[in-house]
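Close look at the chain arrangement
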Amino acid sequence: MALVFPNLQPRTPIFLIGYRGSGKSTVARLLAESLGWPWVDADDLLERRLGKSIRVVFAEDGEDGFREFEAALLEELVRLPGHVVATGGGVIQREANRERLRQAGRVVWLTADVQTLWQRLEGDPTCAERRPALTSQAKEGKTLAANSLAEITEVMRLREPLYRACAHATVETSGRTPEAVVAEILEQLAIRSR
Ligand code: S3P
């Protein structure tokens, strides 16, 4: 059965936002497959372009340096028609990025409860390379550990309003398969467009 998106321009890009471990890359690949579109993982592309891991970028250029690279790459990604883009979890921190995403396409926020995010990150062997500490306490190795339950809770508290402000649609992923998440994204975009 073909899904129709009357309000979506035929090749309006779809951007997935959400915290680390919300499933953006997995869902982007499956969503793109079901639409017959290409997909891009912003962090993968950035690492390939820079020739180093995100952890090394954070170590050498600091988080601010990483955010500059991320914003510059976003300027390219918002110009890609007919793509699904998995963004980095912190792209919504800059207001300019939030505006660019909303103007350029449909923005879908993948949510999960803190426990689920933590379990997914614990189970990801690439986590340490890809996901450096985000809080100053964790960066200094003090009271919080990178990607600990406490860090996720703290960062989510600060970011939740930003994800919400940026999203056109919100899809819960806890306890659901990536296929079920894709089905709901398609449904929500179709429903919104009716
Ligand atoms: C970040 C999330 C990471 C990556 C970087 C910063 C964040 O992307 O962009 O480590 O600030 O939440 P994922 O969400 O793909 O893990």
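Located above this text is the structure these notes cover.
Report on the accompanying structure. (Residues numbered from 1 in each chain as written. Predicted model: local features only at pLDDT ≥ 70, side-chain atom pairs only at ≥ 80, totals over all residues. Heavy atoms only, no water.)

1. Focus: the layout of surface pockets
Taken as a whole, the largest pocket encloses approximately 600 Å³ of empty space. As for the largest pocket, its lining consists of 36 residues, of which R20, G21, K24, S25 and R131 are closest to the centre. Taken together, the elements giving at least two residues each to the lining of the largest pocket come down to α1 (24-35), α2 (42-50), α3 (54-77), α5 (114-122) and α9 (178-193). The leading source of residues in the lining of the largest pocket is α3, at five residues. Of the residues belonging to the lining of the largest pocket, the class tally is twelve nonpolar, twelve polar and twelve charged. (1 Å grid on protein atoms, 1.4 Å probe; cavity = no way out; pocket = protein on both sides within 12 Å on 5 of 7 lines; lining within 4 Å. Points joined across faces, edges and corners; volume = space filled by probe spheres on them. Helix = DSSP H or I, 4+ residues; strand = E, 2+ residues; numbered from the N terminus. Nonpolar A, V, L, I, M, F, W, Y, C, P; charged D, E, K, R; others polar.)

2. Overview of the site of the ligand
Within the structure, the ligand sits among 14 residues, and K24, D43, R67, R131 and R159 are positioned closest to it. In the model, an oxygen atom of the ligand is placed 3.1 Å from a nitrogen or oxygen of the R20 side chain. Computed on the free molecule, the ligand has an accessible area of 390 Å², of which 97% lies beneath the protein chains in the complex. Here the ligand is seated within the largest pocket. Tallied by class, residues from the shell around the ligand come to four nonpolar, three polar and seven charged. (Near = heavy atom within 4 Å. Polar contact = N/O pair within 3.5 Å; in protein donor to acceptor, adjacent residues only side chain to side chain. Areas by Shrake-Rupley, 256 points an atom, 1.4 Å probe, with all protein chains shown as cover. Sits in = over half its atoms within 2 Å of the grid points.)

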